[in-house]
Amino acid sequence: SGRVKIVQGTVTLTAPKADYDGNTRIAVGNQGVKIVDRKTTLTARAGRYSTLTTIANFYGKVRAEDDSVAIDADTIEYHRATENSFASGNVLMQAKYSKAFIVGDSAENYPSRNYSRVTGHPILFQIDTVATSHDSLKISKDSSNISKPDSLLAQKDTTAKKPDTMTISSVVMESYRGKNERYIATGQVEVVRGGLSARADTVLYGNSDEKILLRGKPIVWYDSTQLSADSINIYVPLKKLKKIEAFANAFSASQDDSLHADRVNQLSGAAITIAVELDTL
């Protein structure tokens, strides 16, 4: 007890109090524990580290952080040999150099590949601050309402800024960090950004690409128009929606005649391109 430090190679475990069993070669701390290993730092209320398997298991408000990502969760298992970590329970993963974060039930992080995978109702939030004279917005943590406007709750902000938020929900969310950060969402994917909503089997999104690629039965809704095709590309230069392209079996339907509600404008072709100016088709 008292500023305990256990060192094994590149690993240093510190805690106010710890027990070490020389037979099992396991160190346990339950009054706060911290492990530092090369670029990775883990902290938690309690944890155990095996000097035999070089595997750490942390519990209770766990945070794992390296030079590219930070992960908060109920439990995290860290493997010193590979530097890989496996999180479960109320996972929140945030990239260090972007305004994107992912929530989900469990996550795997592979630092050597700059790759992470989140499962269990994962949702990606991409937040970009824009100037405005209106109230700002904050995100509701209720993921069941993520595709509804009510999931954005108005909150007064004296800085006259508001976050322009995009959300992507799916069955599996993969992220590739580095110079060209990108995300791949698969399985029952839903995208919401301002007045735009979309569904697809697979969605690819990259910060540097400034576009969202929808594959596998994609459908887009925007400004009273529904658009479908075999593949759809959404272009968002400088975080503003500017163009939507639909390829192969493209079909759009819109209703803009208030006097004849039974009339629907329909357009089909090999490709359909929609331009957006001042948030209007």
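Residues numbered from 1 in each chain as written. Predicted model: local features only at pLDDT ≥ 70, side-chain atom pairs only at ≥ 80, totals over all residues. Heavy atoms only, no water.

In this structure, Ile168, Val203, Leu214, Val220, Ile232, Ile234 and Ile244 are the most contacted members of the largest nonpolar core, which totals 58 residues. With residues near it in sequence (within four places) discarded, Ile234 still touches Leu196, Glu210, Lys211, Ile212, Leu214, Val220, Leu241, Lys243 and Ile244. (Core = buried A, V, L, I, M, F, W, Y, C linked by side-chain atoms within 4.5 Å. Buried < 20%, exposed > 50% of the residue type's maximum accessible area, 1.4 Å probe, protein only. Contact = heavy atoms within 4.5 Å.)

Note: strand 19 (residues 196-206) against strand 20 (residues 211-215), five bridges, orientation antiparallel. Directly across from Tyr205, in strand 20, lies its bridge partner Ile212. Two successive antiparallel strands, strand 19 and strand 20, enclose a turn made up of four residues, where Glu210 displays a positive phi of approximately 55°. Summarising the sheet, strand 20 and strand 23 (residues 231-235) pair through five bridges and their orientation is antiparallel. Considered in strand 23, the bridge of Leu213 is made with Asn233. (Pairing = 2+ DSSP bridges. Helix = DSSP H or I, 4+ residues; strand = E, 2+ residues; numbered from the N terminus.)

A side chain of one charge can pair with a side chain of the opposite charge when the charged atoms of the two come close. Going through the model one piece at a time under the given rule, you end up with ten salt bridges. The salt bridge involving Arg38 is made with Glu83; its shortest N-O contact spans 3.8 Å. One end of the pair, Arg38, is in the loop between strand 5 (33-37) and strand 6 (40-44); the other, Glu83, is in the loop between strand 9 (69-79) and strand 10 (85-95), and 45 residues separate them in sequence. For Arg38, a relative accessible area of 42% corresponds to the partly exposed category. Two residues, Arg63 and Asp72, come together in a salt bridge whose shortest N-O distance is 2.7 Å. Assessed through its relative accessible area of 32%, Arg63 is described here as partly exposed. With relative accessibility at 25%, the residue Asp72 sits in the partly exposed group. Beyond isolated ion pairs, a larger network of salt bridges with shared partners links Asp37, Arg38 and Glu83. (Salt bridge = Lys/Arg side-chain N within 4 Å of Asp/Glu carboxyl O.)

Before going further, it helps to spend a moment on the environment of Phe125. Take Phe125: it is sitting in strand 13 (residues 123-131). Its relative accessible area of 5% is what places Phe125 among the buried residues.

In low-pLDDT segments, the atomic positions of the prediction should not be examined closely. Summarising the model, the protein chain shows a mean pLDDT of 85, and 86% of its residues fall at 70 or more. Predicted confidence in the protein chain is weakest over strand 14 (residues 136-139), with a mean pLDDT of 39, and strongest over strand 23, with 95. Segment residues 131-159: pLDDT under 50, and 42 contacts once partners within four positions in sequence are set aside and those in other chains are kept. (pLDDT = per-residue confidence, 0-100.)

Here we come to the environment of Phe86. Inspection of the secondary structure puts Phe86 in strand 10. Sequence separation of Phe86 and Val118 is 32 residues, and the distance between their C-alpha atoms is 9.9 Å. Not counting the four nearest positions on each side in its chain, Phe86 is found in contact with Thr75, Ile76, Glu77, His79, Ala107, Glu108 and Tyr110.

Within the structure shown, the criterion is met by four aromatic pairs. Centre to centre, the rings of Phe101 and Phe125 are 5.0 Å apart; their planes meet at 20°, and the pair counts as stacked. Note that Phe101 is positioned in strand 11 (residues 100-110) and Phe125 in strand 13, a separation of 24 residues in sequence. Assigned by exposure class, Phe101 and Phe125 land together as buried. Each ring, one from Tyr110 and one from Tyr115, has its centre 6.1 Å from the other, and the planes form 25°; the classification is stacked. The exposure classification of Tyr110 matches that of Tyr115, with both residues buried. The ring of Tyr235 carries Lys243 above its face, with NZ or CZ at 4.8 Å from the centroid. (Phe/Tyr/Trp six-rings, centres within 6.5 Å; stacked < 30°, edge-to-face > 60°. Lys NZ or Arg CZ within 6 Å of the ring centre and 35° of its normal.)

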